[in-house]
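# Observations on chain architecture
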Amino acid sequence: MANREHWGSKFGFVLAASGSAIGLGNIWKFPYIAGQNGGAAFIFVYLICIAIVGLPVVIAEILMGRTTQRNPVGAFRKLSGSKFWTAIGGLGVVAGFIILSFYAVIAGWSTGYMVEALLGNFGQLATAAQANTHFNSLVGDPTWMIGFYTIFFVFTMAVVFLGVKDGIEKGSKIMMPILFIILIILMIKGISLKGSGEGLAFLLKPDWSKISGQSVLIALGHAFFTLSLGMGALMTYGSYLNKKTNIPNAAVQIVFLDTLVALMAGVAIFTAVFATGQNPAMGPGLIFNTLTVVFGSMTGGYFFGLLFFVLLTVAALTSSISLLEVAVAYFVDERGWSRQKSVLLIGSAIFLFGIPSALSFNLLADFTYNGKTFFDLADFVASNVLLPVGGFFIAIFVAWIWGFDKALIELKHGAENIFKDRTWLVTIFKVFLKFIAPVMIFIVFLHSVGLLESTIEQLKNYWIIIVLCIVMLAIMISRKRIKK
Ligand code: PFF
């Protein structure tokens, strides 16, 4: 594709990809799951998951995109020529479609809360219970909900409409520095509050008793969501790179920035939560219920509250544009549509699909399946099923089907220095991508669809057969090697 758009610079790419990774997952979700799962001990486990599973898959995704210069469907097709693998790419496009539809709903809350902050409404919220009632009355109002959902969606479409360089890259170059500046201001404010030490201790002093198999799986599942893995977002962004870019280096920067922001958000939030005597383990309501009370009670709360929700909305916007870009790239590459047509048609389709999610907190709250609203179902299917499945197949594909050695040749373009005289680095990457990442992702998948325990039971029953199979497989593989 001769006239495919490309990023203006590696810096622009790293900012855009970090923008995709840094989102509601970092600022809304990470602090509350860390709060519920033992603070520092959880963070430690999370960092390990990021390093051994997250980073290798980030590299694999970007590499597939850059090599093929295609969206996920085109990338799998070009490298495999098989229908099955092309369909796996299709799964990514579908995942992006579904995630954007409910992600924009929460981003809509954040946009609405920006206005709440502007109107000075947090000042009247003295307790978390009051804040909760206020929150419920807002999201319970379909007009409020749909209104802010629409506003957020229009912004998302506008950025993608403008293109890779003039929309996504330029937008990220403006929004990401704003995000960092706000986060630094909020962190300093948090640390300077009296009693903030307790919050820092909560984040830094590990409580190992809270770490269980369950929290490891939560950490790993979150690592996937927060790095935008498993649905080809980074693959699509990688497809706008040229061969000169050093992918491992860019991947480390993206992963580092994503982790840094999660930790900074944790510091900003927990210092303030502890200093004002609020409950750190509030769960999903931590931001909308606890934090609003915190802002209501602190000096300068009006200003800091406003800044916080600007931060959250900007972070969500740089992620939502990457979600939309995956589907748009598919229609541009595979169907020959213009970018503008794709954004308008596909953006509108996703917008409509998201309306039942936006109404899941009011008009459609009673329409449930297995106790899950439309919003819950969309979240479950995309985050717990499609992302792990996609991530699993991406790791397997690059390591085994495309083939690690062929992929490595591609990876070395632009990264010659990194691999020169460092065979150990190649070996580590190979072991992680071929074995550790797929196995761990598979376990997370079983966990997130609720099948892990029964699977372990089955494994216990049939362990002899399983051991025999593994031994036979090992013999077969080693024989093949000898023949070669
Ligand atoms: N990484 C984003 C976050 O942490 O909020 C969410 C996300 C964006 C997931 C893009 C997947 C994706 F493709």
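Refer to the structure printed above.
Residues numbered from 1 in each chain as written. Predicted model: local features only at pLDDT ≥ 70, side-chain atom pairs only at ≥ 80, totals over all residues. Heavy atoms only, no water.

Moving on: the overall build of the protein chain. Counting its regular elements, the protein chain contains 21 helices and zero strands. Computed over its C-alpha atoms, the radius of gyration of the protein chain comes to 23 Å, within 12% of the 23 Å expected for a compact globule of 484 residues. Reported as C-alpha extents along the three principal axes, the dimensions of the protein chain are approximately 75 × 55 × 50 Å. Within the span of the protein chain, comprising 484 residues, buried residues form 55% of the whole. Taken as a whole, the protein chain presents about 20,500 Å² of accessible surface, with 69% of it coming from carbon and sulfur. On the protein chain, the mean spot of the 33 positive side-chain charges and the mean spot of the 21 negative ones are 12 Å from each other. (Helix = DSSP H or I, 4+ residues; strand = E, 2+ residues; numbered from the N terminus. Rg over C-alpha atoms; globule rule 2.2 N^0.38 Å. Buried < 20%, exposed > 50% of the residue type's maximum accessible area, 1.4 Å probe, protein only. Areas by Shrake-Rupley, 256 points an atom, 1.4 Å probe, with all protein chains shown as cover. Lys, Arg positive; Asp, Glu negative; His and termini not counted. Charge placed at Lys NZ, Arg CZ, Asp CG, Glu CD.)

Looking now at helix 16 (residues 374-401). A bend of about 30° at Leu386 is the largest found in helix 16, and the proline Pro388 appears one to four places after it. Note on helix 16: the residue one or two positions beyond its end, Gly403, has a positive phi of about 105°. (Bend = angle between axes of the 7 residues up to and from the residue.)

On to the site of the ligand. For the ligand, the set of nearby residues contains 15 residues, the closest of which are Ala21, Gly25, Tyr103, Phe225 and Met231. A distance of 2.9 Å is found between a nitrogen atom of the ligand and a backbone nitrogen or oxygen belonging to Phe225. Within the side chain of Ser228, a nitrogen or oxygen atom sits 3.1 Å from a nitrogen atom of the ligand. Protein contacts shield 100% of the accessible area of the ligand, which totals 340 Å² for the unbound molecule. Elements with a minimum of two residues in the shell around the ligand: helix 1 (10-21), helix 2 (24-36), helix 10 (213-226) and helix 14 (301-335). (Near = heavy atom within 4 Å. Polar contact = N/O pair within 3.5 Å; in protein donor to acceptor, adjacent residues only side chain to side chain.)

Below, the discussion takes up the packing of helix 8 (residues 164-192) against helix 14. Interaxial distance between helix 8 and helix 14 falls to 9 Å at its minimum, and their mutual angle equals 150°. As judged from the angle between their axes, helix 8 and helix 14 are roughly antiparallel. For the pair helix 8 and helix 14, the sense of crossing is left-handed. Judged by residue contacts, Val164, Ile168, Met175, Met176, Leu179, Ile182, Leu183, Ile185, Leu186 and Lys189 of helix 8 engage Phe304, Leu307, Phe308, Val310, Leu311, Val314, Ala315, Leu317, Thr318, Ile321 and Glu325 from helix 14. A breakdown of the residues in the contact of helix 8 with helix 14 according to their chemical character gives 18 nonpolar, one polar and two charged. (Axes fitted to C-alpha atoms, helices over the stretch in contact; angles between N-to-C directions. Parallel < 35°, antiparallel > 145°, perpendicular 65-115°, else oblique. Left-handed = near helix turned anticlockwise from the far one by under 90°. Contact = heavy atoms within 4.5 Å. Nonpolar A, V, L, I, M, F, W, Y, C, P; charged D, E, K, R; others polar.)

What follows is about the packing of aromatic side chains. In this structure the tally under the stated criterion is 43 aromatic pairs. Of note, Lys29 hangs over the ring of Phe225, and the distance from its end group to the ring centre comes to 5.8 Å. (Phe/Tyr/Trp six-rings, centres within 6.5 Å; stacked < 30°, edge-to-face > 60°. Lys NZ or Arg CZ within 6 Å of the ring centre and 35° of its normal.)

Going through the model one piece at a time under the given rule, you end up with eight salt bridges. For Arg339, the salt bridge goes to Glu5, with nearest N and O atoms at 4.0 Å. One end of the pair, Arg339, is in helix 15 (residues 339-358); the other, Glu5, is in the segment before helix 1, with 334 residues separating them in the sequence. For Arg339, a relative accessible area of 13% puts it in the buried group. The network of salt bridges with shared partners includes Glu5, Glu325 and Arg339. (Salt bridge = Lys/Arg side-chain N within 4 Å of Asp/Glu carboxyl O.)

Two quantities define a packed helix pair, namely the angle between the helix axes and the distance between the axes. Contact geometry for helix 3 (residues 40-68) and helix 10: axes closest at 9 Å, N-to-C directions at 50°. Compared by their axis directions, helix 3 and helix 10 come out oblique. Crossing of helix 3 over helix 10 shows right-handed handedness. Residues Phe42, Val45, Tyr46, Cys49, Ile50 and Val53 of helix 3 lie in contact with helix 10, whose contacting residues are Ser215, Val216, Ile218, Ala219, Leu220, His222, Ala223, Phe224 and Thr226. In terms of residue class, the contact of helix 3 with helix 10 is built from twelve nonpolar, three polar and no charged.

Here we take up helix 15. Residues that lie three or four places apart on an α-helix share one face, since the helix turns once every 3.6 residues. Compared with an ideal rise of 1.5 Å per residue, which puts 20 residues at 28 Å, helix 15 spans 27 Å between its outermost C-alpha atoms and is within 8% of the ideal. Buried positions along helix 15 lie against helix 5 (83-118), helix 7 (142-161), helix 8, helix 14 and helix 16. (Expected span 1.5 Å × (residues − 1).)

What follows covers the nonpolar core. Core analysis: the largest hydrophobic core is formed by 169 residues, its most contacted members being Phe13, Ile287 and Phe308. With 20 residues, helix 14 is the largest single contributor of residues to this core. Setting aside chain neighbours within four positions, we find Phe13 in contact with Trp7, Ile62, Tyr237, Gly238, Leu241, Ala250 and Ile254. (Core = buried A, V, L, I, M, F, W, Y, C linked by side-chain atoms within 4.5 Å.)

Relative to the assigned elements, Lys10 resides in helix 1. Overall, Lys10 belongs to the partly exposed group, its relative accessible area being 28%. In this structure, the C-alpha to C-alpha distance between Lys10 and Phe274, residues 264 residues apart in sequence, is 40 Å. Lys10 has contacts with Thr245, Asn246, Asn249, Ala250 and Gln253, leaving out every residue within four places of it along the chain.

So, on to the environment of Leu203. For Leu203, the position within the fold is in helix 9 (residues 196-204). A relative accessible area of 8% places Leu203 in the buried class. Counting along the chain gives 160 residues from Leu203 to Ile43, while the straight-line C-alpha distance between them is 8.0 Å. Non-local contacts of Leu203, meaning those with residues more than four positions away in its chain, are made with Ala40, Ile43, Gly266, Val267 and Phe270.

All right, on to a nonpolar patch on the surface then. Where nonpolar side chains cluster on the molecular surface, the patch consists of Tyr462, Trp463, Ile464, Ile465, Val467, Leu468, Val471 and Ile475 and spans about 800 Å² of accessible area. Topologically, Val471 is positioned in helix 21 (residues 463-483). For Val471, a relative accessible area of 42% gives the class partly exposed. (Patch = residues over 30% accessible without salt bridge, like charges linked within 9 Å, V, L, I, M, F, W, Y side chains within 5 Å.)

This part is about unusual backbone geometry. Non-glycine residue Asn370 carries a positive phi angle of around 55°. Backbone geometry places Asp421, a non-glycine residue, at a positive phi of 60°. The class for Asp421 is exposed, based on a relative accessible area of 73%.

This part takes up the side chain of Thr292. Mapped onto the elements of the fold, Thr292 is located in helix 13 (residues 287-297). A polar contact is formed between the side chain of Thr292 and the backbone oxygen of Asn289, at a distance of 3.1 Å. Apart from the residues lying within four places of it in its own chain, the contact partners of Thr292 are Tyr113, Phe122, Leu125, Ala131, Ile287 and Phe309.

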